[in-house]
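Observations on the model geometry
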Amino acid sequence: MDTMSKDDLLNTFETAHSSGDALMVTRPDLPPLEEFTAYLEKIWDRKWLTNNGLFHRQLEERLADYLGVGHVSLFSNGTLALLSALQVLRIKGEVITTPYSFVATSHALNWNGITPVFCDIDPLTLNLDPARIEALITPNTTAILPVHVYGNPADVREIERIADVYGLKVIYDACHAFGVREGRESILNYGDLSVLSFHATKIFTTMEGGAIVTNDAKLKQRIDYIKNFGFADETTVMAPGINGKMNEMQAALGLLQLKYVDERIRARERLSRLYRELLAGLPGLTLLHRAPEVEHNWAYFPVFVEEGGRDALYGALRERNIYARRYFYPLISHFPMYRGLPSAVPENLPVAEAAAQKVICLPLYPAMEEADVERVCGVVASVIKSYSYSEPESVI
Ligand SMILES: *Cc1c(COP(=O)(O)O)cnc(C)c1O
């Protein structure tokens, strides 16, 4: 457990953030400020701030083009998009999902009065293990909510097969999977709906933001009603909708970010490959599997440290002003609102439990220097070596 108080931690973060040599796990990419102010001037002139404004419409079209998908419905954040996706498909009862994700995945079910049923993950991809789904299906199961963790595609074909056999809907939490393709096909084209996040920590950011992706024009229409209180026209409300609308400032930023996203993904790839080269073969350290046939977006650089060594590494990095993060630890199934569920018992989730104990995400963002990667790897190597060989007891 951390011995620092919350205030100490915040102070450390703020000092570290402004001190220059600190490395945070990620840092948002922004376009040149002048480019953004030019868009702001247009918004100020038009005074159309939200409700399907010009930038909003442009961003929906350009994103659909860029991503290679049918339709994009923008949202003010990914969580509201997830909540709305479940509403749009009228999901109820039980939904099979992964405990190895950001907590919003299950919270979206919870807020819809749906029971999450936790399914274990595949040891290679850390995505929902399709071989374990069928045993969890009951008469109350209505859908599967997988996550493409770290942007690695879930086993979309096998999940589709199971969903077809049992008549289940599939909603992908694709918040990590912006731009990911498999055999030239966007990974967002699988399932009934996919949900994106454009939060500050994601590879494409509108500060806060999100989207639902679908290839069904009718569904796109329904999504757009639901995110605007359910209004179909001035006097018709067709569903108990919500306010999930993205505003014009967010959309303007998105239009600018699209210009830069490819070069940023390339920078991430270059840094990720350097990490992989420098960390290859360290005993007790496993790197994330990245399938060669996938066009990755290189979101996140997780590594997995053998039993007990992870927190020692986390502490050693922090002492050196390197703020790695343990995504995803704790598992969602450990949080108080979920741990009483029958499917949350650790015996049901051995692979996820083990991954959560070993994982640490190292800093990765386009503005990082190669020397930064070398510095992080130096610390990782020294901790791993001392842990594996000389003094194993001291760090447990
Ligand atoms: C970021 C994220 C979310 C939530 O998105 P917000 O835009 O922050 O609301 C949900 N699921 C996963 C897997 C995420 O990484």
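Residues numbered from 1 in each chain as written. Predicted model: local features only at pLDDT ≥ 70, side-chain atom pairs only at ≥ 80, totals over all residues. Heavy atoms only, no water.

Moving on, we come to the overall build of the protein chain. Counting secondary structure elements, the protein chain contains 11 helices and 15 strands. With the C-alpha coordinates aligned to their principal axes, the bounding extent of the protein chain is approximately 70 × 55 × 45 Å. For the protein chain, with 396 residues in total, the buried portion stands at 55%. In the protein chain, the share of contacts with a sequence separation of at least 24, taken over all contacts with a separation of at least 6, comes to 71%. Carbon together with sulfur atoms contributes 53% to the accessible area of the protein chain, which is approximately 18000 Å² in total. Positive and negative charge centroids in the protein chain, built from 38 and 50 side chains respectively, lie 4 Å apart. (Helix = DSSP H or I, 4+ residues; strand = E, 2+ residues; numbered from the N terminus. Buried < 20%, exposed > 50% of the residue type's maximum accessible area, 1.4 Å probe, protein only. Contact = heavy atoms within 4.5 Å. Areas by Shrake-Rupley, 256 points an atom, 1.4 Å probe, with all protein chains shown as cover. Lys, Arg positive; Asp, Glu negative; His and termini not counted. Charge placed at Lys NZ, Arg CZ, Asp CG, Glu CD.)

What follows concerns the site of the ligand. Near the ligand you find 14 residues, and of these G78, T79, D173, S197 and K202 are the closest. The contact in question runs from a nitrogen atom of the ligand to an N or O atom on the side chain of D173, over 2.8 Å. Interatomic distance of 3.2 Å between a side-chain N/O atom of K202 and an oxygen atom of the ligand. In isolation the ligand has 380 Å² of accessible area, and contact with the protein removes 93% of it. (Near = heavy atom within 4 Å. Polar contact = N/O pair within 3.5 Å; in protein donor to acceptor, adjacent residues only side chain to side chain.)

For the peptide bond that leads from Y327 to F328, omega is 10°, which places it in the cis range. In this fold, F328 is placed in the loop between β14 (322–323) and α10 (350–358). Omega for the peptide link from Y329 to P330 comes to -5°, which places this bond in the cis form. With respect to the helices and strands, the residue P330 is situated in the loop between β14 and α10. Phi is positive for L126, which is not a glycine, with a value near 65°. Mapped onto the secondary structure, L126 falls in the loop between β4 (115–118) and β5 (141–145). In this structure, R184 takes a positive phi of about 75° despite not being glycine.

Here the focus is the pairing of strand β10 (residues 210–214). Within β10, five of the five residues are buried, leaving the element largely enclosed by the surrounding structure. Across five bridges, the pairing between strand β2 (residues 71–75) and β10 is antiparallel. Note that in β10 the partner of F75 across the bridge is G210. (Pairing = 2+ DSSP bridges.)

Turning next to the domain arrangement of the protein chain. A common way to report how large an interface is uses the accessible area buried once the components associate. When its domains are assigned, the protein chain resolves into domain 1 (6–28 + 261–387) and domain 2 (33–256). Centre-to-centre separation of domain 1 and domain 2, based on C-alpha positions: 25 Å. Listed as interface residues are 38 residues of domain 1 and, on the opposing side, 42 residues of domain 2. Connecting domain 1 to domain 2 are zero salt bridges. Counting across the domain 1 and domain 2 interface gives 16 residue pairs in polar contact (both at pLDDT 80 or more). Elements supplying a minimum of two residues to the side of domain 1 that touches domain 2: α8 (248–279), β12 (294–295), β13 (301–305), α10 and β15 (359–362). (Domains from an automatic or database assignment. Salt bridge = Lys/Arg side-chain N within 4 Å of Asp/Glu carboxyl O.)

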